[in-house]
Amino acid sequence: MIPFSVKALCAAVGGTMLQSTDAAVTGVSTDSRTVTEGQLFIPLVGEKFDGHAYLHAALEKGAVGCLCEQAPETLLPGKFYIRVADTMLALKALASWYRSQFDIPVVEISGSAGKTTTKEMIAAVLSQHYPTLKTEANYNNFIGTPQTLLRLEQYHRAAVIETGLDHFGDLIYMGEMVRPTVAVLTNIGDAHIENLGNTREGTLRAKSEIFENLQPGGLAVLCGDDALLNTLKLPFPTLRCGKSEGCNVRVTDIVDRGIEGIDCTVTTEKNSYRLSVPSPGEYMIYSASMAAAIGEYLGLSREEIVAGVAAYQSTGSRMRRIRLSEGRMVIDDCYNANPQAMEAALRILANTHSKRRVAILGDMGELGAVSENAHRRVGELTAELGLTAVVAIGPKSAAVAANAKGEVYHFDTVEAALPTVKKLLVADTVMLVKASHAMEFGSIVKELEQL
């Protein structure tokens, strides 16, 4: 972060100075446990917590000052205090002001699935030419987004920001901070659909809010193979990436290398790129083609674009391949799950050249009215793909087990399922582990890694 004065901070958040100092702010923290010297502490307030209870502790630990919604009874000497009406809105205002200090390309990404993959791919490409800031992990909400923007440094020449949503208006809220010069929508699916009117049309409306803050002269980048995204008529230059003939960034000559990755040719109106993606799944062509198109738009060379795609690395529990002895492999894809991502992962599993292909599947959350059919369809797909065994975990996943075939198990909890899961990971087995984040399937992966 570029240091700024207490006076500038107070103006940025529209606050009232209760006590001032000459200290410069060199960072921002919302967690008193990790606050460091020179940082501003912002106590957030939620339904079950109030960061104001930790003001004193954060300041004693080294924070140079704080924002607060009410004045503390005692003000520590040598620390600044700024009163604001709402600390969450003040965090937003600060991030928005700080973002305005940077005249650089900013790519904002949203979509029902593949946001983090696409963010990592675009950042891998842009980093070949520009020092690039990117959203860490999936800190893509009302707290993570401003914290990401506040990590911008003078040397950064581009930023790639991932934004998620749960409700209508979320992307407008975050877009007012991000103010993208390039806005990307990966697809429209069923994630969070219960909060968006239980229809994909509702999801489309919510995701389209990303364009509300796309800057004048900005670029829209869409999946050109998504039927709902193809209904959008935007007042911006638009690149549609995909296999369809209507795409102006066209993907052809796809070669599936199984668990090792996928190759394809991406052709734009200006150039053609032969790309090698080091991660499995045909869906990777979309993040790769979007990254190539944006890289070209921002002036990267063919060599930089090709090298950037090849340098892509999956993050966290997203298609992480764990190779064990005796030809065993665990595909850790348990960060999250929705129907479209579940289908893609199962097809990757089915496409592996292994004697035994086993799926460990859990509940998919926030699907509302489509939940029963979505879980049933997953079970039917496992049967169509001819998997060796299926272990379904969780109450919603009973529908998966009921529609799967062959060696099928259902358990209510991860703990109950673990002995069977371990027993199934024998020699020459590839095992997919996937569920919504709330199922905490990471504990399964940890157990399997120790085998």
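Residue positions are counted from 1 within each chain, in the order its sequence is given. Per-residue local features are limited, in this predicted model, to residues with pLDDT of at least 70; the limit for side-chain atom pairs, both in listing and counting, is 80 or more; totals at the level of whole chains, interfaces and linings are taken over all residues. Derived side-chain values reflect all non-hydrogen atoms in the structure, with water molecules and hydrogen atoms excluded from consideration.

K.L.:
When you look at the overall build of the chain in this model, what are you seeing that I'm missing?
P.N.:
Note on conventions: DSSP H or I runs of at least 4 residues are helices, E runs of at least 2 residues are strands, and numbering of each starts at the N terminus. The helix and strand tally for the chain stands at 14 helices and 22 strands. Its C-alpha atoms give the chain principal-axis dimensions of about 70 × 55 × 45 Å. Any residue under 20% of the maximum accessible area for its type is buried, any over 50% is exposed, and the rest in between are partly exposed; the area is computed with a 1.4 Å probe on protein chains only. Looking at the chain as a whole, 56% of its 451 residues are labelled buried. Contacts in the chain between residues far apart in sequence, at least 24 positions, make up 62% of those at least 6 positions apart. Throughout, the Shrake-Rupley method with a 1.4 Å probe supplies accessible areas, and for residues the shown protein chains are the sole cover considered. Only carbon and sulfur atoms are counted for the fraction: they give 49% of the accessible area of the chain, which is about 18600 Å². Positive charges come from Lys and Arg, negative ones from Asp and Glu, while His and the chain ends are left out of the count. Where a charge lies is defined by one atom per residue type: Lys uses NZ, Arg uses CZ, Asp uses CG and Glu uses CD. Seen as two clouds, the 42 positive and the 51 negative side-chain charges of the chain have centres 3 Å apart. Here, two residues are considered to be in contact whenever any of their heavy atoms come within 4.5 Å of each other.

K.L.:
How do you make sense of the pairing of strand β8 (residues 106–110) when you look at a structure like this?
P.N.:
Side-chain positions along a regular strand alternate between the two faces of the sheet. Across the five residues that make up β8, a large majority, five, are buried. Both faces of β8 are covered, namely the face carrying Val106, Glu108 and Ser110 and the face carrying Val107 and Ile109. Any two strands with at least two DSSP-identified bridges between them are counted as paired. Pairing of β8 with strand β11 (residues 182–185), which is carried by four bridges, proceeds in the parallel orientation. From the neighbouring strand, Val107 faces β11, where its bridge partner is Val182.

K.L.:
Help me out: how do you make sense of the sheet that holds strand β4 (residues 27–29) in this one?
P.N.:
Across a sheet, paired strands are connected by hydrogen bonds in the backbone, their directions being either parallel or antiparallel. In space, the five strands of this open sheet follow the order β2-β7-β6-β5-β4, with mixed pairing throughout. Edge positions in the sheet fall to β2 (16–19) and β4, since each has one partner strand and no second. Pairs of neighbouring strands in the sheet enclose a mean axial angle of 25°, with direction left out of account. Sheet analysis places strand β6 (residues 65–68) next to strand β7 (residues 80–83), joined by four bridges and oriented parallel. Within β7, the residue paired with Cys68 across the bridge is Arg83. Note on definitions: angles span 0 to 180 degrees between N-to-C directions of axes, and those axes are lines fitted to C-alpha atoms, for helices only across the stretch in contact. Of the strands in this sheet, β2, β5 (39–41), β6 and β7 touch helix α1 (residues 6–13), which is tilted by about 15° from β7.

K.L.:
Mind showing me how you'd approach the packing of aromatic side chains here?
P.N.:
To describe a pair of aromatic rings, you give the distance between the ring centres and the angle between the ring planes. The pairing test for Phe, Tyr and Trp rings, Trp by its six-membered ring, is centres within 6.5 Å, and the orientation test on the planes gives stacked under 30 degrees, edge-to-face over 60, and tilted for anything in between. For the structure shown, the criterion picks out five aromatic pairs. Note on Phe4 and Tyr98: the rings are 6.4 Å apart at their centroids and 55° apart in plane angle, and the pair reads as tilted. One end of the pair, Phe4, is in strand β1 (residues 4–5); the other, Tyr98, is in helix α3 (residues 87–99), and 94 residues separate them in sequence. Residue classification places Tyr98 among the buried positions, given a relative accessible area of 2%. Ring plane angle 20° and centroid distance 4.1 Å describe the contact between Phe142 and Tyr173, whose orientation is recorded as stacked. Separated by 31 residues along the polypeptide, Phe142 in the loop between β9 (132–134) and α5 (144–149) and Tyr173 in helix α6 (residues 170–178) bring together distant segments of the chain. Note on Tyr173: relative accessible area 14%, which makes it buried. These aromatic residues form a ring-pair network of at least three members: Phe4, Trp97, Tyr98 and Phe102. Its end group placed over the ring of Tyr173, Lys92 keeps NZ or CZ at 4.2 Å from the ring centre. Sitting over a ring, as applied to charges here, requires NZ of Lys or CZ of Arg to be within 6 Å of the ring centre and within 35 degrees of the ring normal. Seen from the ring of Tyr335, Arg318 lies directly overhead, with NZ or CZ sitting 4.2 Å from the centre.

K.L.:
Would you mind going over the nonpolar core with me for this structure?
P.N.:
It is characteristic of soluble globular proteins that their nonpolar side chains tend to be buried jointly. Core analysis: the largest hydrophobic core is formed by 91 residues, its most contacted members being Leu9, Leu94 and Phe211. For this core, the element with the highest residue contribution is helix α8 (residues 284–297), accounting for nine residues. The residues touching Phe211, leaving out its near neighbours within four places in the chain, are Ala183, Leu185, Ala220, Leu222, Leu232, Leu234 and Phe236. Grouped together as the second largest cluster of nonpolar side chains are 27 residues, Ile259, Ile348, Met364 and Ala392 included. By nonpolar core is meant a set of buried Ala, Val, Leu, Ile, Met, Phe, Trp, Tyr and Cys residues that side-chain atoms within 4.5 Å join together.

K.L.:
When you look at the pairing of strand β18 (residues 329–332) in this model, what are you seeing that I'm missing?
P.N.:
On β18, burial covers both faces: Met329 and Ile331 on one face and Val330 and Asp332 on the other are all buried. Pairing of strand β17 (residues 320–323) with β18, which is carried by four bridges, proceeds in the antiparallel orientation. Counterpart to Ile322 in the pairing with β18 is Val330. Direction of pairing for β18 relative to strand β22 (residues 429–434): parallel, over a ladder of four bridges. Looking across to β22, one finds that Val330 is bridged to Met431.

K.L.:
I keep staring at the packing of helix α10 (residues 339–350) against helix α11 (residues 371–385) and nothing clicks. Help me out?
P.N.:
Each packed pair of helices is defined by two parameters, the angle between the axes and the distance between the axes. For the pair α10 and α11, the least separation of the axes is 10 Å and the interaxial angle reads 15°. It follows that α10 is roughly parallel to α11 by the angle criterion. For α10 against α11, the interelement crossing comes out right-handed. Where α10 abuts α11, its residues Pro339, Met342, Glu343, Leu346, Arg347 and Ala350 lie against Ala374, Arg377, Val378, Leu381, Thr382 and Leu385. Polarity classes work like this: nonpolar for Ala, Val, Leu, Ile, Met, Phe, Trp, Tyr, Cys and Pro, charged for Asp, Glu, Lys and Arg, and polar for all others, with Gly in that last group. Here the contact of α10 with α11 is composed, by residue class, of eight nonpolar, one polar and three charged. For classification purposes, angles smaller than 35 degrees are called roughly parallel, those larger than 145 roughly antiparallel, those between 65 and 115 roughly perpendicular, and all remaining angles oblique. Left-handed describes a crossing whose near helix is turned anticlockwise from the far helix through less than a right angle; right-handed describes the clockwise counterpart.

K.L.:
Is there a simple way to think about the layout of surface pockets in this case?
P.N.:
Over the atoms rolls a probe the size of a water molecule, and in doing so it shows where empty space is left. Points on a 1 Å grid over protein atoms alone make up a cavity when a 1.4 Å probe fits among them but cannot get out, and a pocket when they form an open set with protein on both sides within 12 Å along at least five of seven lines; lining residues each have an atom within 4 Å of a point. Grid points are joined across faces, edges and corners, and a volume is the space filled by probe spheres set on the points. The computed volume of the second largest pocket comes to approximately 350 Å³. Lining the second largest pocket are 14 residues, with Thr30, Asp31, Arg33, Leu44 and Phe49 positioned closest to its centre. Looking at the lining of the second largest pocket residue by residue, the class counts come to seven nonpolar, four polar and three charged.

K.L.:
It is not clear to me how the sheet that holds strand β20 (residues 389–393) should be interpreted in this structure. Could you clarify?
P.N.:
The strand order β17-β18-β22-β19-β20-β21 describes an open sheet built from six strands, whose pairing is mixed. Whereas interior strands pair on both sides, the edge strands pair on one side only; in this sheet they are β17 and β21 (407–411). With direction set aside, neighbouring strand axes in the sheet form an average angle of 15°. Note: strand β19 (residues 356–362) against β20, five bridges, orientation parallel. Bridging across to β20, Leu361 finds its partner in Ala392. Sheet contacts for helix α13 (residues 414–424): β19, β20, β21 and β22; angle to β20, the most-contacted strand, approximately 165°.

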